[in-house]
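Results of the structural survey
Here are the chains, one letter per residue:
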Amino acid sequence: TIFGECFEHNAVDIDVPSTSLKWRWCVRDQWKLILPHPPNVEGSAELYDLASDPQEQHNLAERDAARVAELTKAINQWWPAE
């Protein structure tokens, strides 16, 4: 599993990275999950099958809640939601 995050362009508080956090994400096998960080960005989870949708055009999160839960758990173990 590969984990990553996206931040605001300018750091709000360099000592508290989550103040600038917009999204946390992971890629496992062909699946990519993107989780918004609610204090800083609105939205819901996005799930993509990169093998059949490499441009991330079709969000499958509503159709595959079990995979969203599995990957959310992995992301939260890597960087716990605050």
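Structural data are supplied above this passage.
Since we're looking at a predicted model, the values are computed, not measured. (Residues numbered from 1 in each chain as written. Predicted model: local features only at pLDDT ≥ 70, side-chain atom pairs only at ≥ 80, totals over all residues. Heavy atoms only, no water.)

Describing the overall build of the protein chain
To keep things clear, this is the line we draw: Helix and strand labels come from DSSP, where a helix needs a run of H or I of at least four residues and a strand needs a run of E of at least two; each type is numbered from the N terminus. For a compact globule the rule gives 2.2 Å times the number of residues to the power 0.38, and the radius of gyration it is set against comes from C-alpha atoms. The classification of residues rests on relative accessible area computed with a 1.4 Å probe and restricted to protein chains. Under 20% of the type maximum is buried, over 50% is exposed, and intermediate values are partly exposed. Residues are treated as being in contact if the distance between any of their heavy atoms lies within 4.5 Å. In this description, accessible areas are obtained by the Shrake-Rupley approach with a 1.4 Å probe, and a residue is regarded as covered only by the protein chains that are shown. We treat Lys and Arg as the positive residues and Asp and Glu as the negative residues; His and chain ends play no part in the count. To locate a charge, the coordinates of NZ of Lys, CZ of Arg, CG of Asp or CD of Glu are taken.
A count of helices and strands for the protein chain gives one helix and four strands. Mapped from its N terminus to its C terminus, the protein chain presents α and β elements in the order β-β-β-β-α. Taking 12 Å as the expected radius of gyration for a compact globule of 82 residues, we find that the protein chain reaches 13 Å, a close match to that expectation. Projected onto the principal axes, the alpha-carbon positions of the protein chain cover approximately 40 × 25 × 20 Å. Out of the 82 residues belonging to the protein chain, those deemed buried represent 34%. Sequence-distant contacts, at least 24 apart, represent 30% of the contacts inside the protein chain between residues at least 6 apart. Carbon and sulfur atoms provide 50% of the accessible area of the protein chain, an area that totals close to 5,400 Å². Taking the average location of the 7 positive side-chain charges in the protein chain and that of its 14 negative ones, the two points are 6 Å from each other.

Things to note about the packing of aromatic side chains
Aromatic ring pairs are described here by two measures, namely the spacing of the ring centres and the angle between the planes. Put simply, the test is: Centre distance within 6.5 Å is the pairing criterion for rings of Phe, Tyr and Trp, where only the six-membered ring of Trp is used; planes under 30 degrees apart are then read as stacked, over 60 as edge-to-face, and the remainder as tilted.
Under the counting rule described, the total for this entry stands at three aromatic pairs. With centroids separated by 6.2 Å and ring planes inclined at 40°, the aromatic side chains of Phe7 and Trp79 adopt a geometry described as tilted. Taken together, the residues span a long stretch of sequence, with Phe7 in strand 1 (residues 2-7) and Trp79 in the segment after helix 1 (65-78) at a distance of 72 residues. Residue class for Phe7 comes out partly exposed when judged on its relative accessible area of 35%. Its relative accessible area of 16% is what places Trp79 among the buried residues. Arranged with centres 5.8 Å apart and planes meeting at 70°, the rings of Trp78 and Trp79 form a pair that is edge-to-face. A residue is classified by how much of its surface remains accessible, and Trp78, at 33% relative accessible area, is partly exposed. An aromatic cluster is defined as three or more aromatic residues linked by ring pairs; in this entry it consists of Phe3, Phe7, Trp78 and Trp79.

Brief notes about the sheet that holds strand 2 (residues 21-28)
Basically, it comes down to this: Between any two strands, at least two bridges found by DSSP are needed for them to pair. The angle between two axes is taken between their N-to-C directions and runs from 0 to 180 degrees, where each axis is a line fitted to C-alpha atoms and a helix contributes only its stretch in contact.
Pairing is antiparallel across the open sheet formed by four strands, whose spatial order is 1-2-3-4. The sheet terminates laterally at strand 1 and strand 4 (46-49), the two strands that pair on one side only. Neighbour to neighbour, the strand axes of the sheet diverge by 15° on average, direction disregarded. Where strand 2 lies against strand 3 (residues 31-36), six bridges are found, and the strand directions are antiparallel. Along strand 3, the bridge assignment pairs Val27 with Lys32.

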